[in-house]
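# Coordinates in review
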Amino acid sequence: MKYTQKKFETHDFLRIRDFLKHCLKSSPNLKNWFIDRWNFCRYWGQIMHNTFEIWPETVGIWEDEHKEIVAVVHPEGEGNIGEARRAK
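Residues numbered from 1 in each chain as written. Predicted model: local features only at pLDDT ≥ 70, side-chain atom pairs only at ≥ 80, totals over all residues. Heavy atoms only, no water.

Going through the model one piece at a time under the given rule, you end up with six aromatic pairs. With a centroid separation of 5.4 Å and an interplanar angle of 70°, the aromatic rings of Phe13 and Tyr43 are classed as edge-to-face. With Phe13 in helix H1 (residues 12–26) and Tyr43 in helix H2 (residues 35–48), this pair connects stretches of sequence that are 30 residues apart. Between the aromatic rings of Trp38 and Trp55, the centroid separation amounts to 5.4 Å while the plane-to-plane angle is 50°, which identifies the pairing as tilted. Of the two residues, Trp38 sits in helix H2 while Trp55 sits in helix H3 (residues 55–58), which places them 17 residues apart along the sequence. Residue classification places Trp38 among the buried positions, given a relative accessible area of 0%. By the ring-pair criterion, three or more aromatic residues cluster together here, those being Phe8, Phe13, Trp38, Tyr43, Phe52 and Trp55. Sitting over the ring of Tyr43, Arg42 keeps its end group 5.9 Å from the ring centre. Of note, Arg42 hangs over the ring of Phe52, and the distance from its end group to the ring centre comes to 3.6 Å. (Phe/Tyr/Trp six-rings, centres within 6.5 Å; stacked < 30°, edge-to-face > 60°. Helix = DSSP H or I, 4+ residues; strand = E, 2+ residues; numbered from the N terminus. Buried < 20%, exposed > 50% of the residue type's maximum accessible area, 1.4 Å probe, protein only. Lys NZ or Arg CZ within 6 Å of the ring centre and 35° of its normal.)

Dropping the structure here:
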């Protein structure tokens, strides 16, 4: 299976939200970002840290050949490295 990285676009926000939800549902023991953390990161944390405008450039999305998200990397905007998630 081939995976490709794509640039974050505004419509991807909801796709990533759904991906995180799916990961949590399919692997309840997996340490996962909940939907509220994803929303907080984008619409509170990024504004608070003055990184709202550049944040989309820091989000990594990988898709399979069916354009399904298989992995996401995104920072919180606090200068830390961030976390990675992948589908099972």
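From this point on, the discussion continues.
Residues spaced three or four apart along an α-helix face the same direction, because each turn holds 3.6 residues. Compared with an ideal rise of 1.5 Å per residue, which puts 14 residues at 20 Å, H2 spans 19 Å between its outermost C-alpha atoms and is within 8% of the ideal. Helix geometry: H2 is bent most strongly at Cys41, by close to 40°. Turning to H2, its buried residues are Trp38, Cys41, Arg42, Gly45 and Gln46. Buried residues belonging to H2 abut H1, H3 and strand S3 (69–74). (Expected span 1.5 Å × (residues − 1). Bend = angle between axes of the 7 residues up to and from the residue. Contact = heavy atoms within 4.5 Å.)

Let us look at H1. Helix length check: H1 (15 residues) gives 21 Å between terminal C-alpha atoms against 21 Å at 1.5 Å per residue, within 8%. All of the buried residues in H1 are Asp12, Phe13, Ile16, Phe19, Leu20 and Cys23. Across the axial projection of H1, the buried residues extend over an arc of 120°, all falling on one side. (Arc of directions from axis to C-beta.)

Counting residues in hydrophobic clusters, the biggest one holds 13 residues, and the most contacted among them are Phe8 and Ile16. For this core, the elements supplying multiple residues, two or more each, are H1, H2 and S3. Non-local contacts of Ile16, meaning those with residues more than four positions away in its chain, are made with Phe8, Trp38, Val59, Ile61, Ile69 and Val72. (Core = buried A, V, L, I, M, F, W, Y, C linked by side-chain atoms within 4.5 Å.)

Here the focus is the packing of H1 against H2. In a packed pair of helices, the relevant descriptors are the angle between the two axes and the axis-to-axis distance. Interaxial distance between H1 and H2 falls to 9 Å at its minimum, and their mutual angle equals 150°. Between H1 and H2, the angle is such that the two are roughly antiparallel. When you trace H1 past H2, the crossing you get is right-handed. Of the residues in H2, those touching H1 at Phe13, Ile16, Arg17, Leu20 and Lys21 are Ile35, Trp38, Asn39, Arg42 and Tyr43. A breakdown of the residues in the contact of H1 with H2 according to their chemical character gives six nonpolar, one polar and three charged. (Axes fitted to C-alpha atoms, helices over the stretch in contact; angles between N-to-C directions. Parallel < 35°, antiparallel > 145°, perpendicular 65-115°, else oblique. Left-handed = near helix turned anticlockwise from the far one by under 90°. Nonpolar A, V, L, I, M, F, W, Y, C, P; charged D, E, K, R; others polar.)

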